[in-house]
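In case you want the letters, here they are:
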Amino acid sequence: MLRAMTWNIRTGGRDSGGADRRDLLVRLVADERPDVLALQELRDFDAGDVLADFAGRVGMRPHLARSCFGQPVAVLLRPPLRALAATRVRRPFHHAAQRVTVATTAGPLTVLSVHLDPYSGLRRRVEAGWAAAALRRAPGELGLLAGDLNTLDPLAGHTERIARLPAAYRRRHLRRDGRTAETRAVARLLDAGLVDLYAAANRPHDGTADAGLTAPTRHGGGAEFSGMRLDYLFGTAALAERVRDCQVLRGGDTEYASDHYPVVADLDLDPA
């Protein structure tokens, strides 16, 4: 069984003029022991030995995609998982996208860590298309897209959630008419045949109103959020058949370590 996890750790785990949260991040990752870890907002992780130090503390091997405009992203692997290939997706993402293919007993699994544009719904839709294409070109039938998509899903109602946002942030989640929720990036992934693993693993709905919401946490900041689902794990149809559980991690260190909660999925796969 492989555990996959995605997490936006907020500005590399350090606040400007504030707390250093990296020990909390390390402790939580060490406790959860994901085999595949997709990280976003890795500010300064491309400088010096920052990434190597973090990866060593959690017992994983890192693969980083630097960013031209925003912050790096990465995919980390826990041995005995081994990378067959690793490369940055060479498209002008606002942040970045990193693609890593690993060997499993069911064939190659390609993992994409992505962080879509936080400001423009149209840009997010374009970036979602780039991400889906990068996964589609990967070898084999097993693919996982993991990350902070900065996008609401098209299957839920969002009117009250968006209305609670300050005006400056409200615009990020509305289309040009100023009324319609901006959900086209997630819709594009669904149209490409990818499966929302959280939604697939949690039907029928468990009755908890905020079951899938990922931002903000209780004490990690996030004034630009109003209780929103922005972080996702998407899989190809072949991978979705192997999902045994998918959940948002809350409580304990997750409430302080970032403004986003981690999302984890257990996959019926083994390293090759």
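About the criteria used
Residues numbered from 1 in each chain as written. Predicted model: local features only at pLDDT ≥ 70, side-chain atom pairs only at ≥ 80, totals over all residues. Heavy atoms only, no water. Helix = DSSP H or I, 4+ residues; strand = E, 2+ residues; numbered from the N terminus. Buried < 20%, exposed > 50% of the residue type's maximum accessible area, 1.4 Å probe, protein only. Polar contact = N/O pair within 3.5 Å; in protein donor to acceptor, adjacent residues only side chain to side chain. Contact = heavy atoms within 4.5 Å. Salt bridge = Lys/Arg side-chain N within 4 Å of Asp/Glu carboxyl O. Axes fitted to C-alpha atoms, helices over the stretch in contact; angles between N-to-C directions. Parallel < 35°, antiparallel > 145°, perpendicular 65-115°, else oblique. Left-handed = near helix turned anticlockwise from the far one by under 90°. Nonpolar A, V, L, I, M, F, W, Y, C, P; charged D, E, K, R; others polar. Arc of directions from axis to C-beta.

Assignment of secondary structure puts arginine 21 in the loop between strand E1 (2-8) and helix H1 (22-32). What makes arginine 21 buried here is its relative accessible area of 4%. A distance of 2.7 Å separates a polar atom in the side chain of arginine 21 from the backbone oxygen of arginine 10. Among all residues touching arginine 21, those that are not within four sequence positions of it are Ile9, Arg10, Thr11, Gly13, Arg14, Asp15, Tyr256, Ala257 and Ser258.

Bringing the pattern of salt bridges into the picture now. Scanning all chains against the criterion turns up twelve salt bridges. For arginine 27, the salt bridge goes to aspartate 253, with nearest N and O atoms at 2.9 Å. Of the two residues, arginine 27 is situated in helix H1 and aspartate 253 in the loop between strand E11 (243-248) and helix H9 (254-257); the sequence distance between them amounts to 226 residues. Relative accessible area serves as the criterion here: at 22%, aspartate 253 is assigned to the partly exposed category. Here aspartate 117 ties to arginine 123 by a salt bridge, and the two come within 4.0 Å at their closest N and O atoms. The buried category is assigned to aspartate 117, whose relative accessible area is 6%. Connected through shared salt-bridge partners, Arg3, Glu32 and Asp266 make up one network.

To continue, consider the packing of helix H3 (residues 121-136) against helix H6 (residues 184-191). One can describe the packing of H3 onto H6 by two numbers: an axis separation of 8 Å at closest approach and a directional angle of 25°. The angle between H3 and H6 places the two elements in the roughly parallel class. Relative to H6, H3 is oriented so that their crossing is right-handed. Residues Gly121, Leu122, Arg124, Arg125, Val126, Ala128, Gly129 and Ala132 of H3 form the contact with H6, whose participating residues are Arg184, Ala185, Arg188 and Leu189. In terms of residue class, the contact of H3 with H6 is built from six nonpolar, two polar and four charged.

This paragraph deals with H6. Since the α-helix packs 3.6 residues into each turn, any two residues three or four apart lie on the same face. Among the residues making up H6, those that are buried are Ala185, Val186 and Leu189. Seen along its axis, H6 keeps its buried residues to an arc of 100°; they face one direction. Remark: glycine 193 follows H6 within two positions and exhibits a positive phi of approximately 95°.

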